[in-house]
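# Topology and contacts: notes
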Amino acid sequence: MRKGSALPFFCLISLFLICFFFGQTACVHLKAPAAVNVILKKEGLDFTGKKVAIPDFSVPEHGAGLGVSFADILQSILMERAVFAETSRDLPVVWTHPGETLESRFGGLAEAAEQRGFDFILIGEVERLFYGGLEDTTLDLKLRLIDVRTKKDFFVARHKAVSTTKDQSYPLDTKLTTPADSPRMLAEKTLRQIVDCMF
């Protein structure tokens, strides 16, 4: 009698553990990406016939070289969408001016863009970047679309993206991992999400 009653109990425990572990895995896989934080967006904008310049992104010191790559990625995305009549990277920028504030830097960039005949400038700032190979990749990125004549923002958005390494398909706490996205891969995904909100 005791043996017969123990079997259903064992089955119930097993079923509970299976549902618990696989339920956690399913939740991880179905988890929605973090939303883009749109700080400012002017509605009803028409960019037909307009030209935009994209300088190198501002990046932390340990991300040297990524500022160029991220700006190139953004240019490719905008050219795919054919939002502007011209999307150019022809705007040489030096981001290191001692004592310069961000606002004065943006003003200088806008003036340089206006002198070259652009209507807008799209500035990218990487406020936080972490990549450790088998550690999570974290990218906190901000985009600003500025009218070069008025120096006013038309669009400002921030997005914090994280690419994790843990293999969620394995239920136990082990060291089995898969490499997180590289900063460039994560930047492309993040920039596409922001552009989707922008236009």
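Presented here is a report on the structure given in the accompanying data block. (Residues numbered from 1 in each chain as written. Predicted model: local features only at pLDDT ≥ 70, side-chain atom pairs only at ≥ 80, totals over all residues. Heavy atoms only, no water.)

A few words now on the packing of aromatic side chains. Within the structure shown, the criterion is met by 5 aromatic pairs. A ring pair is formed by F47 and F120, whose centres lie 5.3 Å apart and whose planes are at 75 degrees; its orientation type is edge-to-face. Within this pair, whereas F47 is found in the loop between β1 (37–41) and β2 (51–53), its partner F120 is found in strand β4 (residues 120–130), the two being separated by 73 residues in sequence. The same class applies to F47 as to F120, namely buried. Summarising the aromatic geometry, the rings of F84 and F120 are spaced 6.2 Å apart at their centres and angled 55 degrees between planes, so their arrangement reads as tilted. Linking F84 in the loop between α2 (66–81) and β3 (86–88) with F120 in strand β4, this pair joins segments that are 36 residues apart in sequence. For F84, a relative accessible area of 7% corresponds to the buried category. Grouped by ring-pair contacts, the aromatic residues F47, F84, F120 and F154 constitute a single cluster. (Phe/Tyr/Trp six-rings, centres within 6.5 Å; stacked < 30°, edge-to-face > 60°. Helix = DSSP H or I, 4+ residues; strand = E, 2+ residues; numbered from the N terminus. Buried < 20%, exposed > 50% of the residue type's maximum accessible area, 1.4 Å probe, protein only.)

All right, on to the pattern of salt bridges then. Counted according to the given criterion, the structure contains 9 salt bridges. With a shortest N-O distance of 3.8 Å, E114 and K151 are connected by a salt bridge. Of this pair, E114 sits in helix α3 (residues 102–115) while K151 sits in the loop between β5 (137–147) and β6 (153–163), and the two are 37 residues apart along the sequence. By relative accessible area, E114 is classed as partly exposed at 35%. A salt bridge links D153 to R144; the shortest N-O distance between them is 2.9 Å. (Salt bridge = Lys/Arg side-chain N within 4 Å of Asp/Glu carboxyl O.)

Let us look at α2. Taking 1.5 Å as the rise per residue, α2 with 16 residues should run 22 Å; its terminal C-alpha atoms sit 23 Å apart, in good agreement. Residues L66, G67, S69, F70, A71, I73, L74, Q75, I77 and L78 constitute the buried set of α2. In this structure, the buried side of α2 is in contact with β3, β4, β5 and α4 (183–198). (Expected span 1.5 Å × (residues − 1). Contact = heavy atoms within 4.5 Å.)

For A82, which is not a glycine, the phi torsion comes out positive at approximately 55 degrees. Position of A82 relative to the elements: it lies in the loop between α2 and β3. With a phi angle near 65 degrees, K151 is a residue other than glycine that sits in the positive phi range.

Moving on, we come to the nonpolar core. F57, L74 and L145 are the most contacted members of the largest nonpolar core, which totals 32 residues. Only α2, β4, β5, β6 and α4 provide two or more residues apiece to this core. Ranked by residue count, the leading element in this core is α2, at 7 residues. Dropping the residues within four chain positions of it, L145 is found in contact with F47, V52, F84, F120, I121, L122, K152, D153, F154 and F155. One finds L91, L109, A113 and I146 within the second-largest nonpolar core, a separate group that totals 12 residues. (Core = buried A, V, L, I, M, F, W, Y, C linked by side-chain atoms within 4.5 Å.)

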